[in-house]
Amino acid sequence: MARNLTLLVLSMLGGSMPLLPIEPGRPLTEYKLDVFDAASGIIPHEVSGIAIAPPGFLWAATTNGLVRFDGTRLLRIPSREIPGLKAKVLVMVATANDGTIWFTPAGPGLFSLKDGIFAQATPQQGLPANTEVFAMGLGRRSWFGTRDGYIYELRAGRFELLPASCDLPRSSIRNIYEDHDNSLWVALDGGLYRIQGSDVRHYGPREGNPITRTFAVARTRGGDFYAGGLGGVVHWNGNRFEPVSHPKLDRNSQVLEFIVDRNDDLWISTDGQGVLRKRGREIEVLDKTNGLPSNQALNLLEDGEGSIWLQTRAGLVRLRDAAILAMSRRHKEFASSGRISQDNKG
């Protein structure tokens, strides 16, 4: 999906040392944990989404507009200063390959920012009025999934409805993953679907997938495909799905997001079980028992230096070879929930 602003905040905390990527093979328990948590203060407004945009700035969607952090200064753009934006609260932000920053309000609307110019998607561009965008798949192509289960592709400035998405359930799209063969894996509140051309296929219990409400989909560079949601994680074995077995991934667990890092490890965020890293057959857990500030790990991101960031209910955590740093309510602009996105440079 999904799910904050503080990725570069280390420069304000005296973190001028070079950052080291996650070292392959090192256990999670060997990383030092530095926590900046809610005990330090109360944050006045909440960040609900984050993205990295060229030349490495952080953009955050907040309860009152956008915030940009350049490593030294915070620039606030209140909602009232964004042309056409009627809602005060923003809920999602993401960056496309061309550097365009896309963001959505709480409710209908889709907005963009490029080269200092704000724009609103309009019906004249093909996006129907009152459309609520719930997911953005910004990879080789730009896909936008809606609350009512439709998918639009942005091509040459126009939003083109993907005809096959009319055969999806009319439920909220949570994630869109474009596979190597140009097919789309679509995670919905109504299950897991794959779109190949005009063919739409549901992957449910008959295919070994017990997850009904799907939030996360990912494929490793080694070719392993995973889906996750309410009920854990499943892996495609070439013929059918099979559950990924782990005590933290039982039928009552709720998996929210995946990332595949530069080491081809699968990271799994959960709402209540912390964060897990799957490397081959081995699964490690980072939770409150070994230093995570909250077991509600909502979103994940790998930055351009190879550090892993995860958003928890108690703040943002960065995992790197030297340490884990968490930033949250005591830093005024950093929230307790939201969605993390990344650009084409990581």
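Above this text is the structure in question.
Basis of the calculations
- Residues numbered from 1 in each chain as written.
- Predicted model: local features only at pLDDT ≥ 70, side-chain atom pairs only at ≥ 80, totals over all residues.
- Heavy atoms only, no water.
- Salt bridge = Lys/Arg side-chain N within 4 Å of Asp/Glu carboxyl O.
- Buried < 20%, exposed > 50% of the residue type's maximum accessible area, 1.4 Å probe, protein only.
- Pairing = 2+ DSSP bridges.
- Helix = DSSP H or I, 4+ residues; strand = E, 2+ residues; numbered from the N terminus.
- Axes fitted to C-alpha atoms, helices over the stretch in contact; angles between N-to-C directions.
- Polar contact = N/O pair within 3.5 Å; in protein donor to acceptor, adjacent residues only side chain to side chain.
- Contact = heavy atoms within 4.5 Å.

Quick look at the pattern of salt bridges
In the structure shown here, the tally under the stated rule is 15 salt bridges. With a closest N to O distance of 3.4 Å, Arg 155 and Glu 153 form a salt bridge. Overall, the relative accessible area of 45% leaves Arg 155 in the partly exposed class. Since its relative accessible area comes to 9%, Glu 153 is described here as buried. A salt bridge links Glu 284 to Arg 277; its shortest N-O distance comes to 2.5 Å. Side by side, Glu 284 and Arg 277 carry an identical accessibility label, which is buried. Among the charged side chains, a network of salt bridges with common partners joins Asp 179, Asp 181, Arg 194 and Arg 219.

Description of the sheet that holds strand 25 (residues 282–286)
The sheet built from 4 strands is open, its strands ordered 22-23-24-25 with antiparallel pairing. Across the chains shown, the open sheet's two edge strands, defined by having one partner strand only, are strand 22 (255–260) and strand 25. Here the average twist between neighbouring strands, direction ignored, is 20 degrees. In this sheet, strand 23 (residues 266–270) lies alongside strand 22 in antiparallel orientation, the contact comprising 5 bridges. Paired with Phe 258 across the strands is Ile 268, a residue of strand 23.

Notes on the side chain of Ser 294
Structurally, Ser 294 is set in the loop between strand 25 and strand 26 (297–302). Within the local environment of Ser 294, its side chain forms a polar contact with the backbone nitrogen of Gln 296, the two atoms lying 3.0 Å apart. When sequence neighbours within four positions are dropped, the list of residues in contact with Ser 294 reads Lys 288, Thr 312, Arg 313 and Ala 314.

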